[in-house]
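# Summary of structural features
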Amino acid sequence: MAENRVNPISVTGADLHIELSGEGSRRARLTRALREAIRGGRLAPGTRLPPYRSLAADLGLARNTVAEAYAELVAEGWLVARQGSGTSVAPRAEARVPRPRSRPAPAPRPSLSLVQGQPDAGSFPRTAWAAAARRALNAAPNEAFGPGDPRGRPELRRALADYLGRARGVRTDPGHIVVCAGFAHALRLLSGSGGPLRGTLAVEAYGLPFHRSVLAGAGLRTRPLPVDEHGARTGLLAGAEDVRAALLTPAHQFPTGGPLHPRRRAAAVDWVRAGSGRILLEDDYDGEFRYDRQPVGAVQGLDPERVVYIGSVSKSLSPAVRVGWMVLPGHLVDDVLALKGEREAWTGVTDQLALADFLDSGAYDRHVRRMRRHYRDRRDRLVALLAERTPHLAVSGIAAGLHAVLRLPHGTEESVVRAAARRGLALEGLAPYRHPESTGEAYDGLVIGYATPPDHAFASALDVLCRTLPALP
């Protein structure tokens, strides 16, 4: 029996989001709503609709009402119905999709890249990582898949304490480690409202602009420390009365490439010990990758109660694995946990469990050894080719990490970067890494990420680089 006209109501389905609103009978409103959904593109050609019975129950309609609406739309050509296959949107039903406004075509992306900060993505240990993840998931207790602990999974914190003590000389235990999503996340936690970083922070005169912007966004002022071939001039900290914290990259200054000299390491520790409440932040971004000798241990080992050690797997494994860690002095642990919140909301538990197994099984050590050989070979190829084709230009810094700095003649950096882009090679100059308030000597250079290109493109990237560099005057 046909339904009488009723007052306008709005009914929304669950399996099919359709809203019955407006004037007319329920069948008329259902027919109109389905027709508009198809015409507007929400129901694409080929989309299968719910059976009469389930849609009728969902919308609170009579089954015949839905059947009649479907039949009407089949007759109009909006739907097709086949025995045994149900009812679906007709393939000839064209959506009325608004045409986007015309925009200028984006500039073509360079086909080659020597941009720093990216490990060789093709070298990610997929098989070993998958095996670690499978073992970890099978062994994990049920509570691992409940609400997270802001400290991070205990399996990972135990594995990190063992690894960092053995490989990086870090003195800690699982209770002093807080898992985070990477260095930037750690910096946000430490510098945010209520965090231990306040006022003015000393940073190296060359460093990541993004880190400076994080600190500036938290209301902190940064004061540049000059750097040279021996790293940051930490002796100058003694004269900076308003500085309460310092951020250093001691193992391999980023980006200029020098290690922090032993006397300067000692000066940094002396400074942090000399004042109440002072903190030293140690960014160990690529500490495992030293090619000319054994990696230098962490500064944190000299004073665990005044140094915050921060690391991640973004260089050693992949930036896609969003796992990092803070090794904190005991008096900061509770404060950082309070800032992080009661539940872990940043780093997935499956990645934490997989990394814990990856460390415990020795797979991480094997991967780092393999990548150390791989990156050392790439750096050697870069240095040898530059010596052959541009012997007037020198690579600075130690044999370490995933990048090298190439010194350029004064006034040529910007033009070289532009010329490389025209040839399809993405390059970065040194100038963007310089602190805007730095008063020390500035020099032109390129920050060459030799880890970035895939193996098949590495030789081509180096060839374009050499063809782009300025010739001997």
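So, how was this worked out
- Residues numbered from 1 in each chain as written.
- Predicted model: local features only at pLDDT ≥ 70, side-chain atom pairs only at ≥ 80, totals over all residues.
- Heavy atoms only, no water.
- UniProt positions renumbered as here; feature names shortened; annotations may be inferred.
- Core = buried A, V, L, I, M, F, W, Y, C linked by side-chain atoms within 4.5 Å.
- Buried < 20%, exposed > 50% of the residue type's maximum accessible area, 1.4 Å probe, protein only.
- Contact = heavy atoms within 4.5 Å.
- Helix = DSSP H or I, 4+ residues; strand = E, 2+ residues; numbered from the N terminus.
- Pairing = 2+ DSSP bridges.
- Expected span 1.5 Å × (residues − 1).
- Phe/Tyr/Trp six-rings, centres within 6.5 Å; stacked < 30°, edge-to-face > 60°.
- Lys NZ or Arg CZ within 6 Å of the ring centre and 35° of its normal.
- Patch = residues over 30% accessible without salt bridge, like charges linked within 9 Å, V, L, I, M, F, W, Y side chains within 5 Å.
- Areas by Shrake-Rupley, 256 points an atom, 1.4 Å probe, with all protein chains shown as cover.
- Salt bridge = Lys/Arg side-chain N within 4 Å of Asp/Glu carboxyl O.
- Lys, Arg positive; Asp, Glu negative; His and termini not counted.
- Charge placed at Lys NZ, Arg CZ, Asp CG, Glu CD.
- Axes fitted to C-alpha atoms, helices over the stretch in contact; angles between N-to-C directions.
- Parallel < 35°, antiparallel > 145°, perpendicular 65-115°, else oblique.
- Nonpolar A, V, L, I, M, F, W, Y, C, P; charged D, E, K, R; others polar.

In the annotation of an unreviewed UniProt entry, the protein is listed under the name PLP-dependent aminotransferase family protein and assigned to Streptomyces luteireticuli. Quoted verbatim from the Sequence similarities (unreviewed entry) heading of the UniProt record, the comment on the protein is "In the C-terminal section; belongs to the class-I pyridoxal-phosphate-dependent aminotransferase family."

In this section: the nonpolar core. Looking at soluble globular proteins, one finds that nonpolar side chains tend to be buried together. Ranked by internal contacts, the top residues of the largest apolar core, which has 58 residues, are W325, L355, L425, L446, L465 and L469. Those residues in contact with L425 that lie beyond four places of it in its chain are P110, L112, S113, L114, A420, A461, V464 and L465.

Our focus in this paragraph is the pairing of strand β6 (residues 177-180). What you see with β6 is no split at all: I177 and V179 on one side and V178 and C180 on the other are buried throughout. Summarising the sheet, β6 and strand β14 (residues 324-327) pair through four bridges and their orientation is antiparallel. Paired with I177 across the bridge in β14 is V327.

Attention shifts here to helix α10 (residues 349-360). In a regular helix each residue adds 1.5 Å, so twelve residues correspond to 16 Å; α10 covers 17 Å between its end C-alpha atoms and thus fits that length. When α10 is considered as a whole, its buried residues turn out to be Q352, L353, A354, L355, A356, D357, F358 and L359. Check the buried side of α10 and you find it contacts α4 (126-139), α5 (154-168), β6, β14 and α11 (363-389). Of the residues flanking the end of α10, it is G362, one or two places downstream, whose phi is positive at about 90°.

As a further point, take the packing of aromatic side chains. Applying the stated rule across the entire model yields nine aromatic pairs. Ring centres of Y163 and Y364 lie 5.1 Å apart, and the angle between their planes is 90°; on these two criteria the pair is classed as edge-to-face. In this pair, Y163 is assigned in helix α5 and Y364 in helix α11, connecting sequence segments 201 residues apart. Side by side, Y163 and Y364 carry an identical accessibility label, which is buried. Through a chain of ring-to-ring contacts, three or more aromatic side chains come together here, namely F124, W129, Y163, F358 and Y364. Above the face of the F458 ring, R378 is positioned so that its terminal group lies 4.6 Å from the ring centre.

For helix α1 (residues 26-39), which comprises 14 residues, the first-to-last C-alpha distance of 20 Å matches the rise-based estimate of 20 Å (1.5 Å per residue) to within 8%. Restricting attention to buried positions, one finds in α1 the residues R29, L30, T31, A33, L34, R35, A37 and I38. Turning to α1, the residues buried within the fold contact β2 (19-20), α2 (52-59), α3 (63-76), β3 (79-82) and β4 (86-89). At the exit of α1 stands G41, carrying a positive phi of roughly 95°.

Spatially, four strands are ordered β15-β16-β19-β18 in an open sheet, and the strand pairing comes out antiparallel. Both outer strands of the open sheet, β15 (395-396) and β18 (428-429), are each paired with one neighbouring strand and no more. Where β18 and strand β19 (residues 445-448) come together, two bridges link them in antiparallel fashion. Paired with E428 across the two strands is V447, which belongs to β19.

A contiguous patch of positive charge, built from R366, R369, R370, R373 and R376, is present on the exposed surface. Looking at where R376 falls in the secondary structure, it is placed in helix α11. A relative accessible area of 35% places R376 in the partly exposed class.

With respect to the helices and strands, M371 occurs in helix α11. Exposure remark for M371: the relative accessible area of 1% places this residue in the buried category. On a C-alpha basis, the gap between M371 and S123 in space is 7.9 Å, while along the polypeptide they are 248 residues apart. Among all residues touching M371, those that are not within four sequence positions of it are S123 and F289.

A separate point is the packing of α4 against α10. Running from N to C, α4 and α10 cross one another at 110°; their axes reach a closest spacing of 8 Å. One element, α4, and the other, α10, form an angle in the roughly perpendicular class. Contacts between α4 and α10 involve A128, W129, A132, A133, R135, A136 and L137 from the former and T350, D351, L353, A354, L355, D357 and F358 from the latter. Among the residues forming the contact of α4 with α10, the class breakdown is ten nonpolar, one polar and three charged.

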